[in-house]
Amino acid sequence: MSDWQIAIERALENNIPKVEEILNQYPYLKDYGVQLRQTKEEVVNNLEKYVKQTMESVKRTGGKVYLAKDAEEAREILKDIVGSNKKIVMAKTNVGHEINVTETLEAKNNQVFETDLGAYLIQLSHGESSHIVFPSLHLTRENIGELLHDKLNMPVNRNSTIEELVAQVRQFLRQRYMEADIGITGANSISADSGSVALVENEGNIRIDTVFPPVHIVITGIDKIVPTLDDALKEVMVQSAYAGLYPPTYINVSSGPSSTADIELKRVSPATGPKEFHVILLDNGRMEASKDPDMKEALLCIKCGRCYFSCPVYRVKGSSWGQPPYGGPTGAMWTAIVNKDYETANYCTHSGGCREVCPVQINIPKVLEHIKWLFIDEGQNNLSVTP
Ligand code: SF4
């Protein structure tokens, strides 16, 4: 058996029964998924209006907000905010990966540390993410024991337990927070009515990244906008349940820089937490997709990663299907939206398992069929006829 086959077998064994157990124990989560679909359809059908409202709300809470039309513009905005010679802690962000945050900031002489365990293992191994929620899914505990020993001289090896591996990384990462000038995160959802960024996690790294450094920068796609803070919280609950991690250890909400009203009940900012709060909203093909009757379905995705495990192609191909961070069935849709890569969809066999398990009932095979037609059209347009 290859390392990938071992890793995916172990992941399926641990994750699939867990999600079923969660959905049986907390039946309201399935209803939330259905409600979220309607909520997100409303946003996708009126995306410009909701982007504008979100930007106004972030400003109202004392934050700074930017709309980047593509990855290049987002990188320029980020470089202006960060400057150089900074220490940065970053919680796993797929949109951050989409715009190459680490490479961009390191080129300006900054140090960037991933703080999510899976994302940190990818950074350490110079590898690529293999799952949208669990980026190091392809690494077995034996691989990780060797990696930590070889790269960081940690007292672990291929026979170490998972608990021993996690304890070593915990010690290493906790030191990084104390020195950080800036914390960067993505967003699981952002509410248009209050400009609040909601993030769900279990490790505690996001909570520290968002409150300990003096500056918090959020990088997220405009598809993460939902109308209200109530919707944003529902989205993180559904996301964590379908990832097999419910109840989540932490749900974090950030609305502007830190503040206090403890003196004469007048709310002033900053208080103990971050003194600056920046939100970079990334378009990068999302607005165009929202106007395409077939493609806009993909924008409903809440990135729970559930569809990966029901996909026979992903189970075989792993990270070699799609362009990281967007692999797997949902990644084939997202690779088309952000990279205009229509070829990746061709691997889909239309088994339909992804659609059955999706909490927001996205018809992934139908979207991928549409992308396959775009690929054929593109090929025909590129045919040159020699006179
Ligand atoms: S397509 Fe559905 S199942 Fe797949 S990641 Fe998105 S929301 Fe989850």
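All of these numbers come straight from a predicted model, not from anything done at the bench.

> What exactly am I supposed to notice about the pattern of salt bridges here?
Here the structure, examined in full by the defined rule, presents 18 salt bridges. For Lys87, the salt bridge identified is with Glu179, shortest N-O distance 4.0 Å. Of this pair, Lys87 sits in strand β2 (residues 87-90) while Glu179 is found in helix α9 (residues 162-179), placing the two residues 92 residues apart along the sequence. Note that Arg286 is salt-bridged to Asp223, the shortest N-O span being 2.6 Å. A residue pair is termed long-range when its members are at least 10 positions apart, and Arg286 in helix α12 (residues 286-290) and Asp223 in the loop between β7 (215-221) and β8 (225-226) qualify at 63 residues. In this structure Asp223 comes out as buried when scored by relative accessible area, which is 6%. Linked through salt bridges whose partners overlap, the residues forming this network are Glu98, Asp223, Arg286 and Lys303.

> I keep staring at the sheet that holds strand β1 (residues 64-68) and nothing clicks. Help me out?
Strand pairing in a sheet is mediated by backbone hydrogen bonds. Such pairs are either parallel or antiparallel. Spatial ordering of the open sheet is given by β1-β10-β7-β4-β2-β3, a layout of six strands whose pairing is parallel. Each edge of the open sheet is held by one strand with a lone partner, namely β1 and β3 (111-114). Recorded for the sheet is a direction-independent mean angle of 20 degrees between the axes of neighbouring strands. Pairing of strand β4 (residues 182-185) with β7, which is carried by four bridges, proceeds in the parallel orientation. Within β7, the residue paired with Thr185 across the bridge is Val218.

> Mind showing me how you'd approach a nonpolar patch on the surface here?
A grouping of Met178, Val211 and Phe212 is seen on the molecular surface, where their side chains present a nonpolar patch of about 310 Å² in accessible area. Along the chain, Phe212 turns up in the loop between α10 (205-211) and β7.

> Please clarify how the packing of helix α2 (residues 28-45) against helix α11 (residues 229-242) should be interpreted in this entry.
Interaxial distance between α2 and α11 falls to 9 Å at its minimum, and their mutual angle equals 125 degrees. Taken together, α2 and α11 sit at an angle that is classed as oblique. By crossing handedness, the relation of α2 to α11 is classed as left-handed. Between α2, through Tyr28, Leu29, Lys30, Tyr32, Gly33, Gln35, Leu36, Thr39 and Lys40, and α11, the contact on the second element is made entirely by Asp231, Lys234, Glu235, Met237, Val238, Ala241 and Tyr242. In terms of residue class, the contact of α2 with α11 is made up of eight nonpolar, three polar and five charged.

> When you look at the site of the ligand in this model, what are you seeing that I'm missing?
Near the ligand lie 13 residues; those nearest to it are Cys301, Cys304, Gly305, Cys307 and Cys358. Tallied by class, residues from the shell around the ligand come to nine nonpolar, two polar and two charged.

> I'm lost on the packing of aromatic side chains in this one. Help?
The relative placement of two aromatic rings is captured by the distance of their centres and the angle of their planes. All chains considered together, the criterion is met by seven aromatic pairs. Ring geometry for Tyr26 versus Tyr28: centroids 6.2 Å apart, planes at 75 degrees, classification edge-to-face. With 5.5 Å between their ring centres and 35 degrees between their planes, Tyr120 and Phe172 make a pair best called tilted. On the criterion of sequence distance, the pair formed by Tyr120 in helix α7 (residues 117-125) and Phe172 in helix α9 is long-range, its members being 52 residues apart. In terms of burial, Tyr120 and Phe172 fall into one category: buried. Joined through ring pairs, the aromatic side chains of Tyr26, Tyr28, Tyr32 and Tyr246 make up one cluster. A cation sits over an aromatic face here: Lys234 above Tyr32, 5.1 Å from the ring centre.

> Just to check I follow, could you spell out the nonpolar core for this structure?
The tendency in soluble globular proteins is for nonpolar side chains to be buried side by side. By size, the foremost hydrophobic cluster in this structure holds 73 residues, and its most contacted members are Leu78, Ile184, Ile217, Ile219 and Ile280. Not counting the four nearest positions on each side in its chain, Leu78 is found in contact with Val101, Leu105, Ile184, Ile217, Ile219 and Ile280. Val43, Val218, Ile222 and Leu281 belong to the second largest nonpolar core, which has 21 residues in total.

> It is not clear to me how the environment of Ser191 should be interpreted in this structure. Could you clarify?
Here Ser191 is to be found in strand β5 (residues 189-191). Separated by 34 residues in the primary sequence, Ser191 and Ile225 have C-alpha atoms spaced 5.7 Å apart. Look past the residues within four positions of Ser191 in its chain and what remains in contact with it is Thr54, Ser196, Val226, Pro227, Thr228, Leu229 and Ala232. A polar side-chain atom of Ser191 sits 2.6 Å from a polar atom in the side chain of Ser194.

> Is there a simple way to think about unusual backbone geometry in this case?
Trans is the common state for peptide bonds, and a negative phi is the common state for residues other than glycine. In this model, Tyr246 is joined to Pro247 through a cis peptide bond whose omega is 0 degrees. Relative to the assigned elements, Pro247 resides in the loop between α11 and β9 (250-254). In this structure, the amide linkage connecting Ser269 to the following residue, Pro270, adopts the cis form with an omega of 0 degrees. Mapped onto the elements of the fold, Pro270 is located in the loop between β9 and β10 (276-282).

> Looking at this structure, I do not really get the side chain of Arg176. What am I missing?
Tracing the chain through its elements places Arg176 in helix α9. Of the side chains with opposite charge, Glu179 comes closest to the buried, unpaired Arg176, at an N-O distance of 4.5 Å. Beyond its immediate chain neighbours, meaning those up to four positions away, Arg176 contacts Val89 and Phe113.

> Please explain the sheet that holds β9 as it appears in this structure.
Sheet architecture is open: four strands sit in the order β8-β5-β6-β9, paired in mixed fashion. At either margin of the open sheet sits one strand with a lone partner, and together these are β8 and β9. Pairing between strand β6 (residues 197-201) and β9: five bridges, direction antiparallel. When the sheet's bridge partners are listed, Glu201 is paired in β9 with Tyr250. Packing against the sheet, α11 makes contact with β5, β6, β8 and β9, and its axis sits at approximately 20 degrees to β6.

Calculation criteria
- Residues numbered from 1 in each chain as written.
- Predicted model: local features only at pLDDT ≥ 70, side-chain atom pairs only at ≥ 80, totals over all residues.
- Heavy atoms only, no water.
- Salt bridge = Lys/Arg side-chain N within 4 Å of Asp/Glu carboxyl O.
- Helix = DSSP H or I, 4+ residues; strand = E, 2+ residues; numbered from the N terminus.
- Buried < 20%, exposed > 50% of the residue type's maximum accessible area, 1.4 Å probe, protein only.
- Pairing = 2+ DSSP bridges.
- Axes fitted to C-alpha atoms, helices over the stretch in contact; angles between N-to-C directions.
- Patch = residues over 30% accessible without salt bridge, like charges linked within 9 Å, V, L, I, M, F, W, Y side chains within 5 Å.
- Areas by Shrake-Rupley, 256 points an atom, 1.4 Å probe, with all protein chains shown as cover.
- Parallel < 35°, antiparallel > 145°, perpendicular 65-115°, else oblique.
- Left-handed = near helix turned anticlockwise from the far one by under 90°.
- Contact = heavy atoms within 4.5 Å.
- Nonpolar A, V, L, I, M, F, W, Y, C, P; charged D, E, K, R; others polar.
- Near = heavy atom within 4 Å.
- Phe/Tyr/Trp six-rings, centres within 6.5 Å; stacked < 30°, edge-to-face > 60°.
- Lys NZ or Arg CZ within 6 Å of the ring centre and 35° of its normal.
- Core = buried A, V, L, I, M, F, W, Y, C linked by side-chain atoms within 4.5 Å.
- Polar contact = N/O pair within 3.5 Å; in protein donor to acceptor, adjacent residues only side chain to side chain.
- Lys, Arg positive; Asp, Glu negative; His and termini not counted.

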